[in-house]
Amino acid sequence: MDLAIRSIRRARLRLLLVGLPALLLIACSSNNNNSGNNKAATATKAASAAAPASTSSAAGTAAGTAATATRAAGTVAPAGSPGAAVAAGPTQTPQATQQATGSPIKIGVLADLTGAFSNEGNYMKLGVDFAIQHINNTGGINGHKVEAVYADPKTDPAEAVRLARELVQQDNVDVLMGGVGSNECLAVEQQAPQLGVIYLAATGCASDQFTSTACNKYSFRVEPTANQTTDPESSYLVKSAGPKWGVIYADYAFGQSQLKAYKDSLAKQGGSVTVEIPVPLNESNVSPYVSKIPTDGSINGLVVAFGGADLVRIMSAIQQFGINKKVAITTQASKDFFGGTAPDAVDGSIGVTVHPTDGIPGNTWDAQFDDAWHKFAPQERTTIGVHGYTAYMAVSALRAAGDAAKVNGKADTQKWISAFENLTMPQGPDSPTGPMIMNKNDHQGRTNVYVIQEHGQKEDILQTVPASEVPQIGNCQVK
Amino acid sequence: MAVTNAEAGRLTRAGGRLRAAPGWQQAALLALLVLALVAVPPLKGGILSQRLALYLIFGLLGLSVALITGYARLFNIGVGATFGVSAYAVAIATQHGVSNPLLLPLIGIGAGLVVSVLFGIYAIAAAGIQYMMLTFLTTLAFFEIPNWATKLTGGDNGLVLQGGLRISFGQNPIRGHGFYYLVLGVTLFVCAVCWYALSSQFGRAIRAIGQNPLRAAAMGYEVSRYRMALTLLSGFVAATGGWLLALDNQFVSQDLVGLNYSLNGLLYALVGGVDSILGPLIGAAGFRYISETISRHSSDSQLFIGIALIAIVFLMPDDGVVGLYRRARARGLRGSFAGLYAYALGLLRMLRSGDEAIEAEPAGLRPTEDAGNG
């Protein structure tokens, strides 16, 4: 018995002696590779970490260095910063290629770099870094350099709340943004008035509640969402395919809310949902559900409301059953939902986005924007996509409002809010797809919405809905 | 070198003294700790009081796990459900116009106790792996409830607490120290209730049942009744934590009723020590402080935390930080240094000459099984 106990102890001790240093070694090397991904990373650090392969490229390693700054600014902002100039009024001088010199304005970014939303979180970080590089190279916010302080809530709302408080009260950030999950951004939204800082939802945060029912004076969302995208899409779907639609959806909150949004939107356009097929979350055998989709002409099209691996599984089954040849399909078709490469299964499907992955034909602002993006992040296979773009737009809008109100930091939050809620950004380097219109009542923005269709790896724009025609999200009134 | 019988006896007596009847030294130490918790946050300023409030709340979660796992030797990994259901009950009540700060804890704790009754039934009907699996599966089921009742719970969007500061007795979790003192006061009260219960005949019976339920039953104890009572006490502690967390975050979400919070509670208890009241509180504070600090500097924080936990399980497998303190105290200062020296020497000798060195294994830090069971 003694011998056995000693053998076990020996094994434990050896494992400890060998295992701990080995794990530490792995951890340290891993940490070195990701050293810029975390909190306390400044914009400069973040930019170098975000684009590790760009050490010799134009947008390169140091967002703050003058050499790369001038080149990048020349590409991104050939005519200065019209958004900022217009928002600031005619007396404001355009700030192209001017380096920001004032004391830094810090943005606390809740980027989910790990966890279920890490794909979106990493795109958010890239979008914020890209925007900050552009802003710092074109005069900053009212002359102040912008810095990002990152924190990773790991898709946990309680952690998002804790980090939001810590960013404001300990790291003294001037503005909060981020939180990919709807539950994260809704939790942080409640904190913003007490913390006394502007909070910007960007990338993800798809819940309409954020501005339709839970709106408050301090919280803003620039990207259109929920019925703001499904209404224009439904209009196109009814006109192009017909009025009768089926919805196959993930049977949990996201899928259920999509079902409701499409029901409402199709009804507004004279259409209807005649078939509803709920599928359990993470169901591996989807054939029994897909086989319920009628192909006898009783529906004109099918809404596929899934995300992640579920979406790929469902779309593969739809393709195998040949359903996509018989009814029109609409889903999240954009390539950046699939890591830059659209699977065969989404070929021919229709979707809706605020920034098409393959750019916008005839839009020189967007072409220049995409060009600058590829120089900034050469490792990325697609354009900035919808996730990075919405983060970029949020920071750009913050800058435009800050310039207009001539803010110097958190002390000017009330001035900043007033400028933000009255903000209209014209098309330009700060808003390349088109104008951004902020609604003063609920702090929900509107930008152009694009109905797109996948053809292999090519993304065609079927319809452009101008920002001014995008519907309001609800009738919430900020207090 | 193994621990002698005399040393084992000393250790046992020391452990028994600390657990059953704290002497003046322990009382003074506790008083000092409470005094520090009262005085330091306002003096230090910043966000210390907010951090400590969270540590105390999660300490209650850890304490709840420790009561069941440490004292009753029932491996419950579903305490998070009790914690989360209480938080949800508070949020739902505020959504329906309840803002009385005295009524809300009753609602939260009441809801938590209902869940505890379920776990209590499991404790009566099952043991070992079966009990663990029942608590595990129940937690998974609870995680899905917000998705089934989206109108009531807000689904995966979560639920905002209404009623402003009134629901937390006018104390703002973000500003000032009032909310921290509320949490501290409640935590001290809960700890006092637990100490009273565990120091009584009830506590001794629970320990006896935990160590050998058959023997305890043969001695005339009604095992099922005691287990149900302890599960309800544990549920009360977890539900109190849930109520406080809901007030602190002013928001509840699905994660609260999931497996993560249950496992975190278990970790806090393991790190601090499962057979003491103070241990889980220390474990929660230490574990959270370390993980928060590492998270600030690395996105691989989970890896570092994993390494730390491996080390803790190896070095302090039985009773965590508090157990380490008990053994050090039992040996006295010189004995502790001698133990550490023997430990280091043993490691060095083992590295140099292989297996023989194991003979010098940590005599000062690791008593034999005999000593542990004394």
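Conventions and cut-offs
- Residues numbered from 1 in each chain as written.
- Chains lettered and ligands numbered in written order.
- Predicted model: local features only at pLDDT ≥ 70, side-chain atom pairs only at ≥ 80, totals over all residues.
- Helix = DSSP H or I, 4+ residues; strand = E, 2+ residues; numbered from the N terminus.
- Buried ≥ 20, exposed ≤ 12 C-beta atoms within 10 Å, placed from the backbone.
- Contact = placed C-beta atoms within 7 Å.
- Domains from an automatic or database assignment.
- Nonpolar A, V, L, I, M, F, W, Y, C, P; charged D, E, K, R; others polar.
- Pairing = 2+ DSSP bridges.
- Axes fitted to C-alpha atoms, helices over the stretch in contact; angles between N-to-C directions.

1. Some details on the overall build of chain B
Alright, step 1. Counting its regular elements, chain B contains 16 helices and 2 strands.
Alright, step 2. Within chain B, the proportion of its 374 residues that are buried is 45%.
Alright, step 3. A sequence separation of at least 24 residues applies to 73% of the contacts in chain B between residues at least 6 apart.

2. A few points about the domain arrangement of chain A
All names here are of chain A.
Alright, step 1. Structurally, chain A comprises domain 1 (43–224 + 363–447) and domain 2 (227–353).
Alright, step 2. Taken residue by residue, the interface counts 9 residues in domain 1 and 8 residues in domain 2.
Alright, step 3. The dominant element in the side of domain 1 that touches domain 2, judged by the number of residues it contributes, is helix H14 (residues 385–405), at 3 residues.
Alright, step 4. Split by residue class, the side of domain 1 that touches domain 2 holds 3 nonpolar, 3 polar and 3 charged.

3. Points about unusual backbone geometry
Residues and elements named next belong to chain A.
Alright, step 1. Positive phi, normally seen in glycine, also occurs at Thr203, with a value near 65 degrees.
Alright, step 2. Residue position: Thr203 is located in the loop between strand S4 (198–201) and helix H8 (209–212).
Alright, step 3. For Ala226, which is not a glycine, the phi torsion comes out positive at approximately 50 degrees.
Alright, step 4. The buried category is assigned to Ala226, around which 24 C-beta atoms lie within 10 Å.

4. What about the environment of Met228(B)?
Alright, step 1. In this fold, Met228(B) is placed in helix H11 (residues 223–249).
Alright, step 2. With near-sequence residues (within four places) excluded, Met228(B) lies in contact with Gly120(B), Ala123(B) and Ile124(B).

5. With respect to the sheet that holds strand S5 (residues 219–221) of chain A
All names here are of chain A.
Alright, step 1. The strand order S2-S1-S3-S4-S5 describes an open sheet built from 5 strands, whose pairing is parallel. With one partner strand each, in any of the chains shown, strand S2 (144–151) and S5 form the two edges of the open sheet. For this sheet, the mean angle separating the axes of adjacent strands, direction not counted, is 25 degrees.
Alright, step 2. In this sheet, S2 lies alongside strand S1 (residues 102–110) in parallel orientation, the contact comprising 7 bridges. Along S2, the bridge assignment pairs Gly102 with His144.

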